[in-house]
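Here's the letter readout for the chains.
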Amino acid sequence: MAKVKSSFVCSNCEYTTAKWMGRCTSCKEWNTFQEVMDQPRSSRAQRAAASLSTDDRPQKLSEISLEGGGEVRVRTGIGEFDNVLGGGLVSGSLTLIGGDPGVGKSTLLLMALDHFSQRGLDVLYVSGEESTRQIKLRAERLGIEGQHLHLLSHSDFTHIETVARRLRPRVLVIDSVQTVHMPHVDSLPGSVTQVRELAHKAMLLAKQSTTAILLVGHVTKSGNLAGPKVLEHYVDTVLQFEGDGRTALRILRALKNRFGPAGELGVFEMVDQGLREVKDASARLLHERIPEAPGTSVLATMEGTRALLAEVQALVGKPTPSTPARTCVGVDRNRVLMLAAVLEKAGLAVHERDLFVNATGGMRLDDPAADLAILCAIASSLLDRPLPDDTLLLGEVGLVGEIRAVPQPERRLREAARHGFRRAIVPPGVARSVQLQGIELLPARRVQDAIRLLFAR
Ligand code: TYD
Ligand code: MG
């Protein structure tokens with residue numbers, strides 16, 4: 001018998017080597033290598049893969065007709081979910097939805113399947129981790145009857161595939177990639193080899209049967225889709241379901257989407273009856289804010305094509321003789337350290353004090369336009385003076401304290417005006433180019449200008 005060769009694949013970045021390594025030379029992560037058996041591809045498998053394309057010969061772009069083709073979309077009926085998908089699920093597509101255990105992935109998908117079922121479309125929910133009784137109990141809680149919702153508790157993908165080919169559901173959910181396995185693959189469920197093979201087979205099934213398939217993936221501690229990180233290349237769409245574990249707020253994000261804009265975002269709230277859509281996310285994010293307290297500021301961030309108002313909080317402690325704490329939640333720590341240094345240069349030193357910065361509501365603020373709001377929240381806490389509650393802060397801050405332009409200022413400012421903000425401190429370019437009713441734009445060229453506008457009273 002021919003010797004089966006193996007190689008080692010990094011589960012974080014998919015770097016492949018012949019020898020095991022403790023640390024990946026490509027992404028520098030530790031303990032990410034898993035052994036993968038190289039399976040010789042039969043010529044039949046190669047033929048099957050080739051027959052996937054409609055035409056083996058290359059075609060001229062101008063000769064390709066879109067008539068009668070295009071994507072067929074089915075709406076989930078959950079507005080926020082449909083928006084994130086770019087207008088509903090595409091038939092024959094493969095979607096990966098990742099998130100921490102308990103964030104609400106199963107709940108969201110069961111609710112979406114219920115909407116299809118109510119419209120008379122057959123759908124199949126397969127769980128490798130819960131019994132049909134457990135799923136039924138959850139469905140009862142959610143008030144789901146499910147005339148056309150079929151349940152299957154099974155962990156063998158070949159069986160799931162047989163069932164799906166017979167039932168031909170419009171939508172198939174596999175919950176989760178870590179608990180469903182390929183019986184002929186000789187490695188543990190959830191390993192790189194397993195999930196990769198599963199994704200490959202699921203993709204073939206989706207394309208051949210026009211069923212829209214959703215794979216659920218649990219997230220590891222490091223925040224990567226476990227093992228499934230390697231899945232991101234294989235699937236059409238990658239969704240991430242986030243929550244901070246403290247609040248009921250949940251955010252669904254499209255990290256990748258072959259059928260719509262990536263970066264779109266949907267907001268939900270976990271209540272007793274399941275997940276409720278949050279239509280006005282800005283209002284929800286700001287409703288617990290105490291504007292008269294020092295150390296809070298508001299900015300408008302872009303999430304996909306949507307502008308969202310968010311609150312940043314800072315707490316600056318008394319000078320401490322030991323190493324001061326620097327704790328950041330929902331904002332990048334290095335960014336905060338840089339802003340603290342810029343603030344110090346502008347005359348407000350925090351270097352001997354504990355510093356805590358938090359984006360409320362479980363938000364993750366990666367938008368550089370949040371810089372000015374973070375900096376001013378720190379200044380406000382340090383000076384123990386609140387910021388004017390009707391003032392929005394918008395701008396990226398550079399190392400020499402300059403306030404730089406931000407993309408899509410008009411959308412952001414419109415959202416602020418809609419929520420009652422009457423003034424905004426903005427980069428000078430924005431003040432010149434944007435004019436909006438109901439909101440006064442105050443230009444600030446440097447950090448010092450912003451601080452003067454806010455605190456010179
Ligand atoms: P679940 O969908 O099982 O999460 P995941 O599939 O991502 O692991 O959600 C589990 C949590 O949601 C659990 O802690 C209970 C809570 N929950 C509610 O608060 N209300 C509900 O109606 C349901 C069904 C769950
Ligand atoms: Mg689940």
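See the structure shown above.
Residues numbered from 1 in each chain as written. Chains lettered and ligands numbered in written order. Predicted model: local features only at pLDDT ≥ 70, side-chain atom pairs only at ≥ 80, totals over all residues. Heavy atoms only, no water.

**Description of the overall build of the protein chain**
Right, on to step 1. Each helix and strand counted, the protein chain has 12 helices and 23 strands in total.
Right, on to step 2. Viewed in the frame of its principal axes, the protein chain has a C-alpha envelope of about 80 × 55 × 55 Å.
Right, on to step 3. In the protein chain, buried positions account for 49% of the 457 residues.
Right, on to step 4. In the protein chain, the share of contacts with a sequence separation of at least 24, taken over all contacts with a separation of at least 6, comes to 66%.
Right, on to step 5. On the protein chain, roughly 22,400 Å² of surface is accessible, and the fraction owed to carbon and sulfur atoms is 51%. (Helix = DSSP H or I, 4+ residues; strand = E, 2+ residues; numbered from the N terminus. Buried < 20%, exposed > 50% of the residue type's maximum accessible area, 1.4 Å probe, protein only. Contact = heavy atoms within 4.5 Å. Areas by Shrake-Rupley, 256 points an atom, 1.4 Å probe, with all protein chains shown as cover.)

**Considerations on the packing of helix H9 (residues 371-383) against helix H12 (residues 447-455)**
Right, on to step 1. Contact pair H9 / H12: the axes reach a minimum separation of 11 Å and the direction vectors enclose 50°. With respect to each other, H9 and H12 are oriented oblique. Judged by the twist between their axes, the crossing of H9 over H12 is right-handed. Between H9, through Leu372, Leu375, Cys376, Ala379, Ser380 and Leu383, and H12, the contact on the second element is made entirely by Val447, Ala450, Leu454 and Phe455.
Right, on to step 2. Of the residues contributing to the contact of H9 with H12, the split by class is nine nonpolar, one polar and no charged. (Axes fitted to C-alpha atoms, helices over the stretch in contact; angles between N-to-C directions. Parallel < 35°, antiparallel > 145°, perpendicular 65-115°, else oblique. Left-handed = near helix turned anticlockwise from the far one by under 90°. Nonpolar A, V, L, I, M, F, W, Y, C, P; charged D, E, K, R; others polar.)

**Description of the sheet that holds strand S3 (residues 33-37)**
Right, on to step 1. An order of S2-S1-S3 is seen for the three strands of this open sheet, with the pairing classed as antiparallel. Sheet topology places strand S2 (16-17) and S3 at the edges, where each strand pairs with a single neighbour.
Right, on to step 2. As paired strands, strand S1 (residues 6-10) and S2 are joined by two bridges and run antiparallel to one another. Each residue of the ladder has a partner; that of Val9, found in S2, is Thr16.
Right, on to step 3. Set on the sheet, helix H6 (residues 192-209) makes contact with S1 and S3; between it and S3 the angle comes to about 55°. (Pairing = 2+ DSSP bridges.)

**Re the environment of Val171**
Right, on to step 1. Along the chain, the position of Val171 falls in strand S9 (residues 171-175).
Right, on to step 2. Once the C-alpha coordinates of Val171 and Val271 are considered, the two residues, 100 residues apart in sequence, prove to be 25 Å apart.
Right, on to step 3. Once residues within four sequence positions are removed from consideration, Val171 is found in contact with Leu89, Leu113, Phe116, Asp122, Val123, Leu124, Thr211, Ala212 and Leu214.

**What about unusual backbone geometry?**
Right, on to step 1. Here the bond from Asp175 into Ser176 is cis, since omega is 15°, no more than 30 degrees from zero.
Right, on to step 2. Positionally, Ser176 belongs in the loop between S9 and H6.
Right, on to step 3. With phi around 70°, Lys28 is a residue other than glycine that occupies positive phi space.
Right, on to step 4. Within the fold, Lys28 resides in the loop between S2 and S3.

**Points about the site of ligand 1**
Right, on to step 1. Close to ligand 1 lie 16 residues; Gly102, Lys105, Ser106, Thr107 and Asp272 are nearest.
Right, on to step 2. The contact in question runs from an oxygen atom of ligand 1 to an N or O atom on the backbone of Val103, over 3.4 Å.
Right, on to step 3. Here an oxygen atom of ligand 1 and a backbone polar atom of Gly104 are 3.0 Å apart.
Right, on to step 4. Expressed as a share of its isolated accessible area of 560 Å², the protein-covered part of ligand 1 is 77%.
Right, on to step 5. Secondary structure elements with two or more residues in the shell around ligand 1: helix H3 (105-118), helix H4 (132-141) and strand S13 (265-271).
Right, on to step 6. Per-element tally for the shell around ligand 1: the top contributor is H3, with three residues.
Right, on to step 7. When the residues that make up the shell around ligand 1 are grouped by side-chain class, the tally is five nonpolar, six polar and five charged. (Near = heavy atom within 4 Å. Polar contact = N/O pair within 3.5 Å; in protein donor to acceptor, adjacent residues only side chain to side chain.)

**Some points on empty space enclosed by the protein**
Right, on to step 1. Applying the stated criterion across every chain, the model contains one cavity of 30 Å³ or more.
Right, on to step 2. Looking at the largest cavity, its volume works out to about 40 Å³.
Right, on to step 3. Residue lining of the largest cavity: Arg73, Leu85, Gly88, Leu89, Val90, Ser93, Thr95, Thr237, Asn257 and Phe259, and that is the complete set.
Right, on to step 4. The class makeup of the residues in the lining of the largest cavity is four nonpolar, five polar and one charged. (1 Å grid on protein atoms, 1.4 Å probe; cavity = no way out; pocket = protein on both sides within 12 Å on 5 of 7 lines; lining within 4 Å. Points joined across faces, edges and corners; volume = space filled by probe spheres on them.)

**Regarding the pattern of salt bridges**
Right, on to step 1. Under the defined criterion, the tally for this structure stands at 22 salt bridges.
Right, on to step 2. Residues Asp82 and Arg75 are paired through a salt bridge, measuring 3.8 Å at the closest nitrogen-oxygen approach.
Right, on to step 3. For Arg253, the salt bridge goes to Glu242, with nearest N and O atoms at 3.0 Å. Remark: Glu242 occurs in strand S11 (residues 237-242) and Arg253 occurs in strand S12 (residues 249-257); sequence separation between them is 11 residues. Here Arg253 matches Glu242 in class, with each residue buried.
Right, on to step 4. By sharing partners, the salt bridges in this structure join Lys207, Asp236 and Arg258 into a single network. (Salt bridge = Lys/Arg side-chain N within 4 Å of Asp/Glu carboxyl O.)

**Observations concerning H9**
Right, on to step 1. With 13 residues, H9 ought to run about 18 Å at 1.5 Å a step, and its terminal C-alpha atoms sit 18 Å apart, in line with that.
Right, on to step 2. The buried fraction of H9 amounts to 12 of the 13 residues, a majority that puts the element mostly inside the structure.
Right, on to step 3. Listed in full, the buried residues belonging to H9 are Asp371, Leu372, Ala373, Ile374, Leu375, Cys376, Ala377, Ile378, Ala379, Ser380, Ser381 and Leu382.
Right, on to step 4. Phi for Asp384, located one or two positions after H9, is positive at around 55°. (Expected span 1.5 Å × (residues − 1).)

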